[in-house]
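Analysis of the macromolecular model
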Amino acid sequence: MVIFSVYVVNKAGGLIYQYDNYVPRAEAEKTFSYPLDLVLKHHDEKVVVSFGQRDGIRVGHAVLSINGVDVMGKNTAEGKDILEYLKDATNYPVSIRFGRARLSSNEKLMLASMFHSLFAIGSQLSPEVGSSGIEMLETDVFKLHCFQTLTGIKFIVLADPRQSGIDALLRKIYEIYSDFALKNPFYSLEMPIRCELFDQNLKSSLEVAEKAGNFGAGS
């Protein structure tokens, strides 16, 4: 099974820790002749496919590299605008690799804040007083699991829908946070977690969870 990523969000909705454990690389590379038979556009500092799915290339996929060289946002490695580069017939044939671009740091901060708001909305919509808020969201390819502590810190894990033992893992991460962040004299509450021991123990716990499915009693 697979655990994709871990997020820690403070009680104000700020992202204070994020770790990508596994990022699926659904990519497609193809050599094109002129003119390009896909429609591309600028979107959030990237160049993405807006029309013309084919050969594993999907709408929303971003341009990741041109002729084997990784691009830099919406520009080639040489600093040229990708759309302008692909309009020039002299640059063909050209090999383009497409795939889902990784979230930027700013996008992760924004999404953490949005989930914090959704969590609060979930509590308010509850027909009963004292609802815990959102504990799990499910899609066809992953489940989002959330554990909120009494002090309002949220621990979020994105995992394969078939992955078991996530509740135990969330509490294990909370234990690691208590032992290696809160007890660190150089750590300030609500601030980003930058602690090597926290990183090491978190990664070790994720490996155990993926291999065993959960944690044994007393672990």
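Residues numbered from 1 in each chain as written. Predicted model: local features only at pLDDT ≥ 70, side-chain atom pairs only at ≥ 80, totals over all residues. Heavy atoms only, no water.

The name given to the protein in an unreviewed UniProt entry is Trafficking protein particle complex subunit, with Solea senegalensis as the source organism. Quoted straight from UniProt, the Function (unreviewed entry) entry for the protein says "Core component of the TRAPP complexes which has a function of guanine nucleotide exchange factor activity for Rab1 GTPase. Plays a role in vesicular transport from endoplasmic reticulum to Golgi and autophagy. May play a role in dendrite postsynaptic membrane trafficking." Under the heading Sequence similarities (unreviewed entry), UniProt records this for the protein: "Belongs to the TRAPP small subunits family. TRAPPC4 subfamily." (UniProt positions renumbered as here; feature names shortened; annotations may be inferred.)

**With respect to the pattern of salt bridges**
Taken as a whole and judged by the stated rule, the model has eleven salt bridges. For aspartate 20, the salt bridge identified is with lysine 108, shortest N-O distance 3.0 Å. Of the two residues, aspartate 20 is situated in strand S2 (residues 15–20) and lysine 108 in helix H2 (residues 105–125); the sequence distance between them amounts to 88 residues. Residue class for aspartate 20 comes out partly exposed when judged on its relative accessible area of 28%. Owing to a relative accessible area of 14%, lysine 108 belongs among the buried residues under this scheme. (Salt bridge = Lys/Arg side-chain N within 4 Å of Asp/Glu carboxyl O. Helix = DSSP H or I, 4+ residues; strand = E, 2+ residues; numbered from the N terminus. Buried < 20%, exposed > 50% of the residue type's maximum accessible area, 1.4 Å probe, protein only.)

**Focus: the pairing of strand S10 (residues 143–148)**
Looking along a regular strand, one sees side chains alternate from face to face of the sheet. For S10, a buried count of five out of six residues is recorded, marking the element as mostly surrounded by other parts of the structure. Across three bridges, strand S9 (residues 136–138) lies against S10 in antiparallel orientation. Each residue of the ladder has a partner; that of glutamate 138, found in S10, is lysine 143. Between the antiparallel neighbours S9 and S10 lie four residues. For S10 and strand S11 (residues 154–159), the ladder comprises six bridges, and the chain directions are antiparallel. Residue histidine 145 lies in a different strand from S11, and its bridge partner there is valine 157. The antiparallel hairpin formed by S10 and S11 contains five residues in its connecting segment, where glycine 152 sits at a positive phi of about 95°. (Pairing = 2+ DSSP bridges.)

**Remarks on the environment of isoleucine 173**
Secondary-structure assignment places isoleucine 173 in helix H3 (residues 166–182). Note: C-alpha distance between isoleucine 173 and serine 205 (32 residues apart in sequence) is 7.8 Å. In this view, isoleucine 173 contacts Val6, Phe155, Val157 and Leu202; residues no more than four positions away in its chain are not counted. (Contact = heavy atoms within 4.5 Å.)

**Observations regarding H2**
Since one α-helical turn is 3.6 residues long, residues separated by three or four positions face the same way. Under the 1.5 Å per step criterion, the end-to-end length of H2 is 30 Å for 21 residues, consistent within 8% with the ideal 30 Å. Those residues of H2 that fall on the buried side of the exposure criterion are Glu107, Lys108, Ala112, Phe115, His116 and Phe119. Along its buried surface, H2 packs onto strand S1 (3–9), S2, strand S5 (46–51), S9, S10 and S11. (Expected span 1.5 Å × (residues − 1).)

**So, the packing of H3 against helix H4 (residues 196–212)**
Here H3 crosses H4 at 165°, and the two axes come no closer than 10 Å. Between H3 and H4, the angle falls in the class roughly antiparallel. In terms of crossing hand, the pair formed by H3 and H4 is right-handed. Residues Leu169, Lys172, Ile173, Ile176, Tyr177 and Phe180 of H3 touch H4, and the partners they reach there are Leu197, Phe198, Asn201, Leu202, Ser205, Leu206 and Ala209. (Axes fitted to C-alpha atoms, helices over the stretch in contact; angles between N-to-C directions. Parallel < 35°, antiparallel > 145°, perpendicular 65-115°, else oblique. Left-handed = near helix turned anticlockwise from the far one by under 90°.)

**What to know about the side chain of lysine 154**
Within the element layout of this structure, lysine 154 appears in strand S11. No salt bridge is formed by the buried lysine 154. Its closest oppositely charged neighbour is glutamate 190, at 9.2 Å. Here histidine 116 takes part through its side chain, which lies 3.0 Å from a polar atom of the side chain of lysine 154. In terms of polar contacts, lysine 154 uses its side chain to reach the side chain of glutamine 148, at 3.0 Å. Each residue touching lysine 154, except ones within four places of it in the same chain, is listed here: Tyr7, Val8, Val9, Phe115, His116, Phe119, Cys146, Phe147 and Gln148. (Lys, Arg positive; Asp, Glu negative; His and termini not counted. Polar contact = N/O pair within 3.5 Å; in protein donor to acceptor, adjacent residues only side chain to side chain.)

**Considerations on a nonpolar patch on the surface**
On the surface, a nonpolar cluster with roughly 350 Å² of combined accessible area is contributed by Leu103, Met110, Leu111 and Met114. Checked against the element boundaries, methionine 110 lands in helix H2. (Patch = residues over 30% accessible without salt bridge, like charges linked within 9 Å, V, L, I, M, F, W, Y side chains within 5 Å. Areas by Shrake-Rupley, 256 points an atom, 1.4 Å probe, with all protein chains shown as cover.)

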